[in-house]
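Structural overview for review
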Amino acid sequence: MSKRSRRAASAPGAGAGAERPTVTVCRGCCCGTPNIPGIDHAAQLRHLREALDGTATVRVTDCLDACERANVVVVQPSGAGRRAGGRAVWLGLVNDRDATADITAWVESGGPGVTEPPGILDLYAFSPSRRVRTELDE
């Protein structure tokens, strides 16, 4: 089994053909660590998993190489969202409950390609390097 096949098998719901959106939460070298004081990282992840249970796949990944924007969350579209033109949206500095709640509400309503994100999330959006985007899609 190739490395790519193993990754796909270990991340159900992830990838271009997923039936539901995928929310990838970075918990690498900077994200989810005491380097970002004042946020309960475990509670943030728990909230995303509980709120999106049955709506989206929530997965944790190692460093996404955007440490200057910790905490990083990537919202990938469902298959329907991708067919409608939706692409992964990278959000950085997701360090408060309101940002997490806005992400949750957007994903619950369909996510990328299906519904527009709340305007406030524009403040969190950024474009990662091509190398980093490619690695996440694999």
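Scroll up to find the structure.
I will try to describe carefully the structure that is included in this document.

Reading the values: rules and limits
Residues numbered from 1 in each chain as written. Predicted model: local features only at pLDDT ≥ 70, side-chain atom pairs only at ≥ 80, totals over all residues. Heavy atoms only, no water. Buried < 20%, exposed > 50% of the residue type's maximum accessible area, 1.4 Å probe, protein only. Helix = DSSP H or I, 4+ residues; strand = E, 2+ residues; numbered from the N terminus. Pairing = 2+ DSSP bridges. Phe/Tyr/Trp six-rings, centres within 6.5 Å; stacked < 30°, edge-to-face > 60°. Core = buried A, V, L, I, M, F, W, Y, C linked by side-chain atoms within 4.5 Å. Contact = heavy atoms within 4.5 Å.

Points about the pairing of strand β3 (residues 73–76)
The side-chain alternation of β3 yields two buried faces, one formed by V73 and V75 and the other by V74 and Q76. In the sheet, β3 pairs with strand β4 (residues 89–91) via three bridges, with the strands oriented antiparallel. In the strand pairing of β4, V74 is matched with W90.

A look at the packing of aromatic side chains
One pass over the structure, following the stated rule, counts one aromatic pair. Taken together, a centroid distance of 6.0 Å and an interplanar angle of 75° make the contact between W90 and F126 edge-to-face. Residue W90 is found in strand β4, and its partner F126 is found in strand β5 (residues 125–126); the two are separated by 36 residues along the sequence. The residues W90 and F126 share a single accessibility class, namely buried.

Topic: the nonpolar core
Membership of the largest hydrophobic core comes to 17 residues, with the highest contact counts inside it found for V23 and I103. When contributions to this core are tallied by element, the ones reaching two or more residues are β1 (22–26), α2 (41–51), β3 and α4 (97–108). The greatest single-element share of this core, amounting to four residues, is contributed by α4. Those residues in contact with V23 that lie beyond four places of it in its chain are L52, A56, T57, V58, R59, V73, V74 and V107. With 12 residues, the next largest nonpolar core counts C26, I39, L64 and V132 among its residues.

All quantities given are derived from atomic positions and should not be read as evidence of function.
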